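# Fold and contact review
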Amino acid sequence: MNFLRGVMGGQSAGPQHTEAETIQKLCDRVSSSTLLDDRRNAVRALKSLSKKYRLEVGIQAMDHLIHVLQTDRSDSEIIGYALDTLYNIISNDEEEEVEENSTRQSEDFGSQFTEIFIKQQENVTLLLSLLEEFDFHVRWPGVKLLTSLLKQLGPQVQQIILVSPMGVSRLMDLLADSREVIRNDGVLLLQALTRSNGAIQKIVAFENAFERLLDIITEEGNSDGGIVVEDCLILLQNLLKNNNSNQNFFKEGSYIQRMKPWFDVGDENSGWSAQKVTNLHVMLQLVRVLVSPTNPPGATSSCQKAMFQCGLLQQLCTILMATGVPADILTETINTVSEVIRGYQVNQDYFASVNAPSNPQRPAIVVLLMSMVNERQPFVLRCAVLYCFQCFLYKNQKGQGEIVSTLLPSTIDATGNSVSAGQLLCGGLFSTDSLSNWCAAVALAHALQENATQKEQLLRVQLATSIGNPPVSLLQQCTNILSQGSKIQTRVGLLMLLCTWLSNCPIAVTHFLHNSANVPFLTGQIAENLGEEEQLVQGLCALLLGISIYFNDNSLESYMKEKLKQLIEKRIGKENFIEKLGFISKHELYSRASQKPQPNFPSPEYMIFDHEFTKLVKELEGVITKAIYKSSEEDKKEEEVKKTLEQHDSIVTHYKNMIREQDLQLEELKQQISTLKCQNEQLQTAVTQQVSQIQQHKDQYNLLKVQLGKDNQHQGSYSDKTQVNGIQSEEVGRLREELEELKSNQELLQSQLAEKNSLIENLKSSQASPGTNEQSSATASARDSEQITELKQELATLKSQLNSQSMEITKLQTEKQELLQKTETFAKSVPVPGESEAGMATKTTDVEGRLSALLQETKELKNEIKALSEERTAIKEQLDASNSTIAILQNEKNKLEMDVTDSKKEQDDLLVLLADQDQKIFSLKNKLKELGHPVEEEDELESGDQDDEEDEDEDDGKDQGHI
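Residues numbered from 1 in each chain as written. Predicted model: local features only at pLDDT ≥ 70, side-chain atom pairs only at ≥ 80, totals over all residues. Heavy atoms only, no water.

Let us now look at the overall build of the protein. Across its full length, the protein carries 41 helices and four strands. Within the protein, the fraction of its 963 residues that count as buried is 46%. When contacts within the protein are restricted to residue pairs at least 6 apart in sequence, those whose partners lie at least 24 apart make up 74%. Split by element, the accessible area of the protein, about 48,500 Å² in all, is 50% carbon and sulfur. (Helix = DSSP H or I, 4+ residues; strand = E, 2+ residues; numbered from the N terminus. Buried < 20%, exposed > 50% of the residue type's maximum accessible area, 1.4 Å probe, protein only. Contact = heavy atoms within 4.5 Å. Areas by Shrake-Rupley, 256 points an atom, 1.4 Å probe, with all protein chains shown as cover.)

See below:
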């Protein structure tokens, strides 16, 4: 701290000698006094002196104050005094700053004291731990002190907090504090903490900051709230701006939906306070952060989708068309709507359907364009409308077609009751206001951006210049105004429109060259030695002439590519032409316009270049330079290579179509296979159910056997024997029921076998059907082989089931014999002594009756068993027939496999042919590259070739020698 003492000693207005001694004595009391009251009083006195004698207190007392924070944490009062004193030393928020030098000196003291405090990182960690105290006298001064540290040396303090355990989490707890002053100062602390630090921003976001901040904004009344709402919005901006991770988290957390109530501004008489205007302005900026063109395209489109689905875009359009909205809010709303709809078709379509609340109703686009071409409107508002129109047309071919169609003769309203967007653009294009000329030209150029169809359609537009004179085309009128020597801003706008119009459109180039005055005008402009202000116009004229050469289809004999090159060499000189062309990209306003899509200019005279036009210049400058230096022989070779590429492209297209057809056939066959598989799975399920039923019958039979064995062991009397005979008759009845179930199961198996036979017949008939190609037959053979394998498996399953059933029948026969033997044994048994002969005779008669009934049932069972055996023989015969059918299918399968082999050979020959053609195409493209001609992609070649063929058909009678 010696350097601070030196600074203090050099001050003319330093503290008096008595005050310095007082501060020293107070510091001694803080460090040496054993009584807490004495130390507390000394720290209170230092606090009262710290504002007036900031430097001396800071030099002498800082270490003692830090020691108090470490040792006296049990006393909240002394901790609060110490934190307040440190805040007064470090903070630069002095109420009375008279001289500028004293202000600078105060800021210097603040940063120096901050550097001393954070030199020991433990001091910041200690301060973070003190913020956990709930006591107001500790927490509030701690929040203010940490905020001041972040303001003085933000990056260094951020890094200390970042590596501190739970450092950010402790600060997030401030937002949940029930005391508003601490909560509000906590928001300011987090603002300073999250500034320009992506890592801390992510931690704060995942600590549920979005939920808490949105709750605070809602509690405070949204846009009608006070400065607390503004602070929360600025903190949200810090968390979301240039942070893709937090933006994605904000979208996925459904927080975009909670932004809609912000823009419910009520009726026009509700009033617009200064704070409400500020809040709405920051809210609109926050929406723009989420849909900024600098964000990744996928993230921007997902946010645009969410904003449409939750009604946020509709709410913004309501503000856009409302009355009584302040000018700056209206301007920012237009800019916000622009970026919400930019490049997203659904939002663009909705914006096209919005109508202004006027009588008669007019589309919002028309109302906005009226403001753009009205020179009495504020400059920033006109720039915002132009940006909105550009965003509406960005990657929106449907919208471009709608704008151009309003200029075509068939759609113009003859009654004149309504004004269309196209008429407003033409009116602005030819008005006396140069800014309107420039805005209208740029807006019309965006209607043609990357849209060859609309460039050709715009050639049909005719304008009535004056009464009695014939109408002239829009293209001709633009060149007429250009040659009249209007203001530079007007000429630059028209030249940008013409360059955009003629690029990638040979028909427009032909129409432009058809006017014999255009080429001499351009060469005259380029060849002259003009001042610096005119150099930009010369460069744009050179670009327009270069486009006329590069995209020339040689349909006009007097303005073929070679003749235009010779004209440049004679009148201008190739080197001079290239130098003039380079004036565009070297202009200082060119680099400024290329940075952002939004036309943001401080004043109208800076409005020279459009963002999309700078991309076009960057794309064409190199190719035009090569085209100027290219010889006629190279052009001929290039044409020949193009024709060869067209031929090869047609062959490749033919084979591509063939492959697409074969793919469709494959898909159909795959669907057929899937249906057959489903049927097979259903049959297998039925068989599984039958097997489970048979298993249940087996279990029941085994249970009956066990019960019968137990009854035999406990026979002791004749009455018991008669009871057993009764049980035997019941068992025979159950056996008969089981035989009936077995018969029904066999019938089911027979029906399934019949279905399998019908399936085999269908397969055979499908194989015999003519008209299938090689690839479908190969697929059918594979399908048949799978079906044959499955049928074999199912037949084996049926055989095993039949064998198991025959075994069960044999078991039943043996059980029946055993029952007969037991019956005979019971009949021959000796009667019990003590019974009368008459009783014995009646019992014998009963037994004989039962025996005769059992014999009759046995005969019936034998007949049923015989019938089952005959049915089994029939099933075996059917199985043999199925095996023979499988053998026939196997032979047919072999034949189909031979056909598949032949078709594969033919496909291999086709692939070899395609490979040879691809190799030829590759070599030809390499030759093109060696000749210096840029090789275009396949789709672009096709579209370009189609345009060339149409042009050649139109002008075939004129220039057959040149095509």
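Still more ground to cover, so stick around.
Let us now look at a negative patch on the surface. Residues Asp899, Asp902, Glu906, Asp908 and Asp909 make up a contiguous surface patch of negative charge. Structurally, Asp909 can be placed in helix H40 (residues 837-930). (Patch = residues over 30% accessible without salt bridge, like charges linked within 9 Å, V, L, I, M, F, W, Y side chains within 5 Å. Salt bridge = Lys/Arg side-chain N within 4 Å of Asp/Glu carboxyl O. Lys, Arg positive; Asp, Glu negative; His and termini not counted. Charge placed at Lys NZ, Arg CZ, Asp CG, Glu CD.)

This paragraph deals with the packing of aromatic side chains. The tally for this structure, following the rule as stated, stands at 13 aromatic pairs. With a centroid separation of 6.5 Å and 55° between ring planes, the pair formed by Trp262 and Phe263 is classed as tilted. For the pair Trp262 and Phe263, one class covers both residues: buried. Cluster of aromatic residues (ring-pair linked, three or more members): Phe206, Phe210, Phe249, Phe250 and Tyr255. The lysine or arginine in question, Arg179, covers the ring of Phe134, its NZ or CZ lying 3.9 Å from the ring centre. (Phe/Tyr/Trp six-rings, centres within 6.5 Å; stacked < 30°, edge-to-face > 60°. Lys NZ or Arg CZ within 6 Å of the ring centre and 35° of its normal.)

Below, the discussion takes up the pattern of salt bridges. Enumeration over the complete set of coordinates arrives at 21 salt bridges. As a salt-bridge pair, Asp177 and Arg179 come within 3.0 Å of each other at their nearest N and O atoms. With respect to burial, Asp177 and Arg179 carry one shared label: buried. Of the charged contacts, one joins Glu220 and Arg183 as a salt bridge, the two residues approaching to 3.0 Å between their closest N and O atoms. Taken together, the residues Glu220 in the loop between helix H13 (209-219) and helix H14 (227-240) and Arg183 in helix H11 (residues 180-194) connect sequence positions 37 residues apart. Residue Arg183 is classed as buried on the basis of its relative accessible area of 7%. Linked through salt bridges whose partners overlap, the residues forming this network are Asp37, Arg40, Arg44, Asp75 and Glu77.

Here the focus is the side chain of Gln191. Along the polypeptide, Gln191 turns up in helix H11. If sequence neighbours within four positions are ignored, Gln191 has contacts with Asp231, Ile234, Leu235 and Asn238.

So, on to the packing of helix H30 (residues 518-527) against helix H31 (residues 532-550). Helix-helix packing: each pair is described by the crossing angle between the helix axes and the interaxial distance. One way to put it is that H30 packs onto H31 with a least axis distance of 9 Å and a crossing angle of 140°. Considered as vectors, H30 and H31 are oriented oblique to each other. You can see that H30 and H31 cross each other, and the crossing is left-handed. Within the contact between the two elements, H30 uses Leu522, Thr523, Gln525 and Ile526 and H31 uses Val537, Gln538, Cys541, Ala542, Leu544 and Leu545. Looking at the contact of H30 with H31 residue by residue, the class counts come to seven nonpolar, three polar and no charged. (Axes fitted to C-alpha atoms, helices over the stretch in contact; angles between N-to-C directions. Parallel < 35°, antiparallel > 145°, perpendicular 65-115°, else oblique. Left-handed = near helix turned anticlockwise from the far one by under 90°. Nonpolar A, V, L, I, M, F, W, Y, C, P; charged D, E, K, R; others polar.)

Here Ser196, not a glycine, exhibits a phi torsion of approximately 60°, which is positive. As for its position among the elements, Ser196 is in the loop between H11 and helix H12 (198-206). Residue Asn222 is not a glycine yet carries a positive backbone phi of 55°. Structurally, Asn222 can be placed in the loop between H13 and H14. Take Asn222: its relative accessible area is 14%, and that puts it in the buried class.

Turning next to helix H3 (residues 36-50). Taking 1.5 Å of rise per residue, 15 residues should cover 21 Å, and H3 covers 21 Å from first to last C-alpha, within 8% of that figure. Within H3, the full set of buried residues consists of Arg39, Arg40, Ala42, Val43, Leu46, Leu49 and Ser50. (Expected span 1.5 Å × (residues − 1).)

Our next topic: helix H4 (residues 54-71). Here H4 is 18 residues long and its end C-alpha atoms lie 24 Å apart, about the 26 Å a rise of 1.5 Å per residue gives. Approximately 60° is the largest bend angle found in H4, and it occurs at Ala61. (Bend = angle between axes of the 7 residues up to and from the residue.)

Closest axis-to-axis distance for the helix H33 (residues 574-581)/helix H36 (residues 611-629) pair is 11 Å, and the angle between their directions is 170°. If you check the angle between H33 and H36, you find them roughly antiparallel. Residues Lys574, Glu575, Phe577, Ile578 and Leu581 of H33 form the contact with H36, whose own contacting residues are Glu621, Ile624, Thr625, Ile628 and Tyr629. Class assignment for the residues of the contact of H33 with H36 results in six nonpolar, one polar and three charged.

Structurally, Leu564 is set in helix H32 (residues 561-571). On the basis of relative accessibility, which here comes to 2%, the residue Leu564 falls in the buried class. Residues Leu564 and Ile549 lie 15 residues apart in sequence; the distance between their C-alpha atoms is 6.9 Å. Aside from chain neighbours lying at most four places away, what touches Leu564 is Leu513, Val519, Ser548, Ile549, Asn552 and Tyr559.

Enumeration according to the criterion identifies zero disulfides in this entry. Free of any disulfide, Cys317 has its nearest cysteine sulfur in Cys388, 8.2 Å distant. (Disulfide = S-S within 2.5 Å.)

Right, let's talk about the confidence of the model for the protein for a bit. Per-chain confidence: the protein averages 82 in pLDDT, with 79% of residues scoring 70 or above. A low-confidence stretch, residues 830-840 stays under pLDDT 50, and its non-local contacts, those more than four residues away or across chains, total four contacts. (pLDDT = per-residue confidence, 0-100.)

With that settled, the discussion passes to the side chain of Gln400. Here Gln400 is to be found in helix H23 (residues 397-405). Note on Gln400: relative accessible area 2%, which makes it buried. Leaving out residues up to four positions away in the same chain, Gln400 has contacts with Leu393, His446, Ala447, Leu448, Gln449, Asn451 and Gln454.

A few words now on the environment of Phe609. Of note, Phe609 is situated in the loop between helix H35 (588-593) and H36. Taking C-alpha positions, Phe609 is 9.5 Å from Gln489, a pair spaced 120 residues apart along the chain. With near-sequence residues (within four places) excluded, Phe609 lies in contact with Trp438, Met496, Leu536, Ile584, His587, Leu589, Tyr590, Ala593, Phe601 and Thr614.

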